[in-house]
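Residue-level structure breakdown
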Amino acid sequence: MKTEVSVRRHLLKTITWRVVGTLDTMILGWLISGDFKIGLTIGGFEVFTKMILYFLHERLWYKYNFGLKRDNP
């Protein structure tokens, strides 16, 4: 039996994970550069590219059953 997971779920996971990742990138950019605006700039650019990459990565993994165990009714 295959478990159905909606695209909507993947999109929501993508967005929430990206918020966490972007905050991390902004803080690291700020700490490394010493300039808060540079941290914001780096985070602003990467938020879109990484969201797209994560969504595609998640959908690709969902196509394969690698490492999944499902009980048949």
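Residues numbered from 1 in each chain as written. Predicted model: local features only at pLDDT ≥ 70, side-chain atom pairs only at ≥ 80, totals over all residues. Heavy atoms only, no water.

1. Observations concerning the overall build of the chain
For the chain, the count of helices and strands is two helices and zero strands. Relative to its length of 73 residues, the chain is extended, with a C-alpha radius of gyration of 17 Å against a globular reference of 11 Å. Within the chain, contacts between residues separated by at least 24 positions form 70% of all contacts whose residues are at least 6 apart in sequence. For the chain, the accessible area works out to roughly 6,200 Å², and carbon and sulfur atoms hold 70% of it. (Helix = DSSP H or I, 4+ residues; strand = E, 2+ residues; numbered from the N terminus. Rg over C-alpha atoms; globule rule 2.2 N^0.38 Å. Contact = heavy atoms within 4.5 Å. Areas by Shrake-Rupley, 256 points an atom, 1.4 Å probe, with all protein chains shown as cover.)

2. Looking at the packing of helix α1 (residues 7-33) against helix α2 (residues 36-62)
At a minimum axis separation of 7 Å, α1 and α2 run at an interaxial angle of 150°. As far as their axial angle goes, α2 and α1 are roughly antiparallel. Between α1 and α2 the crossing geometry is right-handed. Here the residues of the contact of α1 with α2 are counted per class, giving 15 nonpolar, ten polar and six charged. (Axes fitted to C-alpha atoms, helices over the stretch in contact; angles between N-to-C directions. Parallel < 35°, antiparallel > 145°, perpendicular 65-115°, else oblique. Left-handed = near helix turned anticlockwise from the far one by under 90°. Nonpolar A, V, L, I, M, F, W, Y, C, P; charged D, E, K, R; others polar.)

3. Regarding the pattern of salt bridges
Counted under the stated rule, the structure contains three salt bridges. For K13, the salt bridge identified is with E58, shortest N-O distance 3.1 Å. A residue pair is termed long-range when its members are at least 10 positions apart, and K13 in helix α1 and E58 in helix α2 qualify at 45 residues. On the accessibility criterion, K13 (32% relative accessible area) is partly exposed. Here E46 and R18 are joined by a salt bridge, their closest N and O atoms 2.9 Å apart. Pair noted here: E46 is in helix α2 and R18 is in helix α1, with a separation of 28 residues, a long-range link. Comparing E46 with R18 shows no difference in burial state: the two are buried. Residues joined in a network through salt bridges with shared partners are R18, E46 and K50. (Salt bridge = Lys/Arg side-chain N within 4 Å of Asp/Glu carboxyl O. Buried < 20%, exposed > 50% of the residue type's maximum accessible area, 1.4 Å probe, protein only.)

4. Examining the environment of F48
Here F48 is to be found in helix α2. Separated by 30 residues in sequence, F48 and R18 have C-alpha atoms that sit 8.7 Å apart.

5. Observations concerning a nonpolar patch on the surface
A cluster of nonpolar side chains, I15, V19, L23, I27, L28, L31 and I32, forms an exposed patch at the surface whose accessible area comes to about 710 Å². Tracing the backbone shows I32 in helix α1. Overall, I32 belongs to the exposed group, its relative accessible area being 74%. (Patch = residues over 30% accessible without salt bridge, like charges linked within 9 Å, V, L, I, M, F, W, Y side chains within 5 Å.)

Keep in mind that these numbers describe shape and distance, not what the molecule does.
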